[in-house]
Amino acid sequence: METICGTSLLIATLKARKHCPYVMQLNEAAAYVWEMLFQGKMLDEMAARIADDFEMSEEEANDALKSFLLELEKDNYLIIEEEDKSDET
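Numbering of residues starts from 1 in each chain and follows the order in which that chain's sequence is written. Where local features are concerned, this predicted model is filtered to residues with pLDDT of at least 70; where side-chain atom pairs are given and counted, the filter is 80 or more; whole-chain, interface and lining totals use all residues. The side-chain figures draw on all heavy atoms in the structure; neither hydrogens nor water molecules are used.

**Some remarks on the sheet that holds strand E1 (residues 2-4)**
Part 1 of the argument: Any two strands between which DSSP finds at least two bridges are classified as paired. Counting from the N terminus, the helices are the DSSP runs of H or I reaching at least four residues and the strands are the DSSP runs of E reaching at least two. Read across the sheet, three strands follow the order E1-E2-E3 without closing on themselves; strand pairing throughout is antiparallel. Each edge of the open sheet is held by one strand with a lone partner, namely E1 and strand E3 (23-26). Looking at each pair of strands side by side, their axes are set apart by 35 degrees on average, direction ignored.
Part 2 of the argument: Summarising the sheet, strand E2 (residues 7-11) and E3 pair through four bridges and their orientation is antiparallel. Bridging from a neighbouring strand, isoleucine 11 pairs with valine 23 of E3.
Part 3 of the argument: The contact rule is simple, with two residues in contact once any of their heavy atoms fall within 4.5 Å. Note on geometry: axes are C-alpha line fits, over the in-contact stretch for helices, and angles between N-to-C directions span 0 to 180 degrees. Helix-sheet contacts for helix H1 (residues 28-38) involve E2 and E3, and the interaxial angle to E3 is about 110 degrees.

**Here's the deal with the nonpolar core**
Part 1 of the argument: Leu10, Leu26, Val33, Leu65, Leu72 and Tyr77 are the most contacted members of the largest nonpolar core, which has 21 residues in total.
Part 2 of the argument: Contributing elements (two or more residues each) for this core: E3, H1, helix H2 (43-53) and helix H3 (58-74).
Part 3 of the argument: When residues no more than four places from it in sequence are discounted, the contact partners of leucine 26 are Met1, Ser8, Leu10, Ala31, Trp34 and Phe68. Here, nonpolar core refers to any group of buried Ala, Val, Leu, Ile, Met, Phe, Trp, Tyr and Cys residues whose side-chain atoms link them within 4.5 Å. Throughout, exposure labels follow a simple rule: accessible area from a 1.4 Å probe, protein chains only, divided by the maximum for the residue type, with under 20% read as buried, over 50% as exposed, and the rest as partly exposed.

So yeah, pure geometry; function would need other evidence.
So, in structure tokens, the structure goes:
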């Protein structure tokens, strides 16, 4: 993600250019979420912070977060991997 003249952009580079649009413009909320992803935040923590910072319920924040992440996955900016729980007892 780069911010140019106050506009946040996801820019596909190297091998990613084969799989997703070169540039995706992000609104303020989407850039906020991308930063948390980049920092390695967990989904539940992200939803709680979104709820607090954007004054919405955690359920609304969770739904919006999931919707945005699915959009990123659909456009190939994000690969969602399920947590392997096979080793849990």
